[in-house]
Amino acid sequence: MTHKTYSGFDRLPNGLASDIVTPGCLVLEGGALRGTYSVGVMDAMMEADLNLACTIGVSAGALNGISYVSGQIGRSARSPLRFRHDPRYFGLGAFLRNRSPFGFDFMFGELSKTLDPLDMKRFLRPERRFVAVATNCLTGRPEYFEKGHCTDIMLATRASSTMPYISQMVRMDGAPYLDGGCSCKIPLAWALENKFPAIVVIKTRPEAYRRNPEAGKKLAQLYYGRKWPALAQSLAQSNADYNRLCDETDSLRRQGRIFVISPSRFMDIGRMEKDLEKLGEWYWLGYRDAQNVLPELKAYLEEKNKPVSNEAMPNV
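Described below are features of the structure shown in this document. Remember, it's a predicted structure, so these values are computed and weren't measured experimentally.

## Comments concerning the side chain of Q72
Then, in step 1: Its location among the elements puts Q72 in strand β4 (residues 72-73).
Then, in step 2: We classify Q72 as buried; its relative accessible area is 9%.
Then, in step 3: Within the local environment of Q72, its side chain forms a polar contact with the backbone oxygen of P117, the two atoms lying 2.9 Å apart.

If you want it as structure tokens, here you go:
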């Protein structure tokens, strides 16, 4: 089977990350194929031996985070840049088989087992945590599925990446789920609640980007309002929630509490981007942005992971 691939495919980084594990939590935004930016960031981090102990991702962030946890440099870039125009991976053929524009059967089947095998043994090592966020369609709330603590982490990752409106819900443990981005576009709250001293957030939009809070409200109610009212409500308010989350992220970044990496310039990259040359450029933007901030990122991680000294106890 022949199909168009990225012209720079052979120049993509390749190899395995070291076994060094750095304390901290990596938080990954979604955005479908815009997540290729995050892949570039993660590849540069792996090359610099920055393999954070916990990774939490939503939607494409969850899909791409798998290769970061398995330490396979370049793997999450090769998939879209090689298979974006392959009907097994994306498009009508994938939709007919999966009721989703993305071919999850191909991704988690032939691709992960034969064409570009996932190192499952390394992915499942206990020293690296991995969490996928999916939206419970009954409650409209995000739920957090962690490898080693849920029934099927790959199914949870699929649910996390199952886009609303155009995809069939994924059933897990008797409940229906959709894209984690329906209710939680950047899972920063989970990392804060779990009290990680060091938190690194990778965004797929430039720092100043905000959404139209009114966009999509009518569609959400029209499509889901009667049968799935809680889901409709979450979707209707998701843009406003995203803007508030971006404001909070900016505030915590300025305070030095978290470290944020976001695109250094705007590119018109669609969630289902067709132009592989643009998508490749988007990947390299993430890769270079990460390399440019490596000194600051390493300093942040060292500072946040310093052992806390015990102060002398007062005499009683």
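Having seen it, we continue.
## Structural notes on the packing of helix α1 (residues 36-47) against helix α11 (residues 276-304)
Then, in step 1: One can describe the packing of α1 onto α11 by two numbers: an axis separation of 7 Å at closest approach and a directional angle of 40 degrees. Taken together, α1 and α11 sit at an angle that is classed as oblique. α11 is crossed by α1, and the crossing has right-handed handedness. Here α1 contributes T36, Y37, V39, G40, V41, D43, A44, M45 and E47 to the contact with α11, which in turn contributes L279, W282, Y283, L285, G286, Y287, D289, A290, Q291 and L297.

## Let's talk about the environment of G174
Then, in step 1: Residue position: G174 is located in the loop between β7 (170-172) and β8 (175-179).
Then, in step 2: For G174, a relative accessible area of 61% puts it in the exposed group.
Then, in step 3: In this structure the C-alpha to C-alpha distance between G174 and M107, which are 67 residues apart in sequence, comes to 24 Å.

## Topic: the pattern of salt bridges
Then, in step 1: A complete count under the given rule lists 15 salt bridges for this structure.
Then, in step 2: In this structure, the salt-bridge partner of R88 is D86, at a minimum N-O distance of 2.7 Å.
Then, in step 3: Owing to a relative accessible area of 0%, D86 belongs among the buried residues under this scheme.
Then, in step 4: The residue R210 makes a salt bridge to D247 at a minimum N-O spacing of 3.0 Å. Separated by 37 residues along the polypeptide, R210 in the loop between β9 (199-202) and α9 (217-224) and D247 in helix α10 (residues 229-255) bring together distant segments of the chain.
Then, in step 5: It is possible to trace a salt-bridge network through shared partners that takes in D19, R122 and R125.

## Details of the packing of aromatic side chains
Then, in step 1: Under the defined criterion, the tally for this structure stands at 18 aromatic pairs.
Then, in step 2: Aromatic pair F104 and F108: ring centres 6.3 Å apart, planes at 25 degrees, arrangement stacked. Placement of both F104 and F108 in helix α5 (residues 104-115) is noted, with a separation of four residues, approximately one turn of the helix.
Then, in step 3: Of the residues examined, F108 reaches a relative accessible area of 22% and is grouped as partly exposed.
Then, in step 4: Ring centres of F123 and F130 lie 5.4 Å apart, and the angle between their planes is 65 degrees; this geometry places the pair in the edge-to-face category.

Each value, and the rule that gives it
- Residues numbered from 1 in each chain as written.
- Predicted model: local features only at pLDDT ≥ 70, side-chain atom pairs only at ≥ 80, totals over all residues.
- Heavy atoms only, no water.
- Helix = DSSP H or I, 4+ residues; strand = E, 2+ residues; numbered from the N terminus.
- Buried < 20%, exposed > 50% of the residue type's maximum accessible area, 1.4 Å probe, protein only.
- Polar contact = N/O pair within 3.5 Å; in protein donor to acceptor, adjacent residues only side chain to side chain.
- Axes fitted to C-alpha atoms, helices over the stretch in contact; angles between N-to-C directions.
- Parallel < 35°, antiparallel > 145°, perpendicular 65-115°, else oblique.
- Left-handed = near helix turned anticlockwise from the far one by under 90°.
- Contact = heavy atoms within 4.5 Å.
- Salt bridge = Lys/Arg side-chain N within 4 Å of Asp/Glu carboxyl O.
- Phe/Tyr/Trp six-rings, centres within 6.5 Å; stacked < 30°, edge-to-face > 60°.

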